[in-house]
Amino acid sequence: MNLMLFGAPGAGKGTQAKFLIEKYNIPQISTGDILRAAIADKTDMGMEAKKFMDEGKLVPDSTIIGIIKDRLAESDCKEGFILDGFPRTLPQAESLNELMSNMEISLDKVISLNVPDEFIVGRITGRRICSKCGASFHVEFNPSKEENVCDYCSGELITRKDDNAETVKSRLEAYHSQTAPLIDFYTKMNVFTELDGTKDVSEVTKDMINSLS
Ligand code: ADP
Ligand code: AMP
């Protein structure tokens, strides 16, 4: 099953991806996580991407497309994958179509989590992510069982550098101007489904599983 989770920053893509990984036993491919790992490793690509990420801007398409090309070629993607946070621009979406067509695979479904902007700031400023596995929690809406400890791998929970009220503004601007046009792109491809992402985490999971069965 080749899936894509779509939505604004903070819509709940990473949170829901964890349930799909368990249910379908396919990997989550989060370009944000891959970029943060490159920053932690201090690679040239990571250092270049960091400048954009810290300002809440999108990283250039050429970098992102290169990352995805390498990642989809890995053997754990053979039975399917969950794209999370990719694509975010029309050129990225077009490159993905070309890449998948060369691999003789296709997208089964794009699940969009619809969350209006007024919910996003609170979600993002209260987000805590695992420094080891990237899992996402929220101090109020989705707390970890033990404070500051990841439920999945016991890693330490931290606040992302870009999770502050200033960058949220530019990230939402980037979403509306560069990413939201993809709704039309995937609607035309007949793979687009929209869910109400403002419901509780477990309700959204139920709706998502229903839409896939
Ligand atoms: P994304 O991957 O789309 O950027 P996340 O999955 O990291 O978003 O979720 C953003 C924040 O909102 C996290 O702190 C997460 O715990 C919280 N969150 C996710 N889904 C919900 C929900 N349905 N209701 C309330 N908070 C949520
Ligand atoms: P995320 O973890 O998905 O919230 O992404 C964090 C940041 O990484 C974004 O604000 C962008 O700067 C960058 N990023 C992640 N994925 C992409 C992408 N597909 N295209 C461009 N930039 C991206």
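Our subject is the structure that appears above.
Because the structure is predicted, anything quoted here is derived from the model rather than measured.

Reading the values: the criteria
- Residues numbered from 1 in each chain as written.
- Chains lettered and ligands numbered in written order.
- Predicted model: local features only at pLDDT ≥ 70, side-chain atom pairs only at ≥ 80, totals over all residues.
- Heavy atoms only, no water.
- Phe/Tyr/Trp six-rings, centres within 6.5 Å; stacked < 30°, edge-to-face > 60°.
- Helix = DSSP H or I, 4+ residues; strand = E, 2+ residues; numbered from the N terminus.
- Buried < 20%, exposed > 50% of the residue type's maximum accessible area, 1.4 Å probe, protein only.
- Axes fitted to C-alpha atoms, helices over the stretch in contact; angles between N-to-C directions.
- Parallel < 35°, antiparallel > 145°, perpendicular 65-115°, else oblique.
- Left-handed = near helix turned anticlockwise from the far one by under 90°.
- Contact = heavy atoms within 4.5 Å.
- Nonpolar A, V, L, I, M, F, W, Y, C, P; charged D, E, K, R; others polar.

(A) Layout of the packing of aromatic side chains. The tally for this structure, following the rule as stated, stands at 4 aromatic pairs. Ring centres of Phe6 and Tyr175 lie 6.2 Å apart, and the angle between their planes is 55 degrees; on these two criteria the pair is classed as tilted. Here Phe6 is found in strand S1 (residues 2–6), whereas its partner Tyr175 is found in helix H7 (residues 165–179), with 169 residues between them in sequence. Ring centres 6.2 Å apart and planes at 40 degrees place the aromatic pair Phe137 and Tyr152 in the tilted group. One end of the pair, Phe137, is in strand S6 (residues 136–138); the other, Tyr152, is in the loop between S6 and strand S7 (157–158), and 15 residues separate them in sequence. The class for Tyr152 is partly exposed, based on a relative accessible area of 42%. Put simply, the rings of Phe6, Tyr175 and Phe192 pair up and form one aromatic cluster.

(B) View of the packing of helix H2 (residues 31–40) against helix H3 (residues 44–54). Two elements in contact, H2 and H3, have axes separated by 8 Å at closest approach and are oriented at 120 degrees. Classified by the interaxial angle, the pair formed by H2 and H3 is oblique. For the pair H2 and H3, the sense of crossing is left-handed. Contacts from Gly32, Leu35, Arg36, Ala38 and Ile39 in H2 reach Met45, Gly46, Met47, Ala49, Lys50 and Met53 in H3. Split by residue class, the contact of H2 with H3 holds 7 nonpolar, 2 polar and 2 charged.

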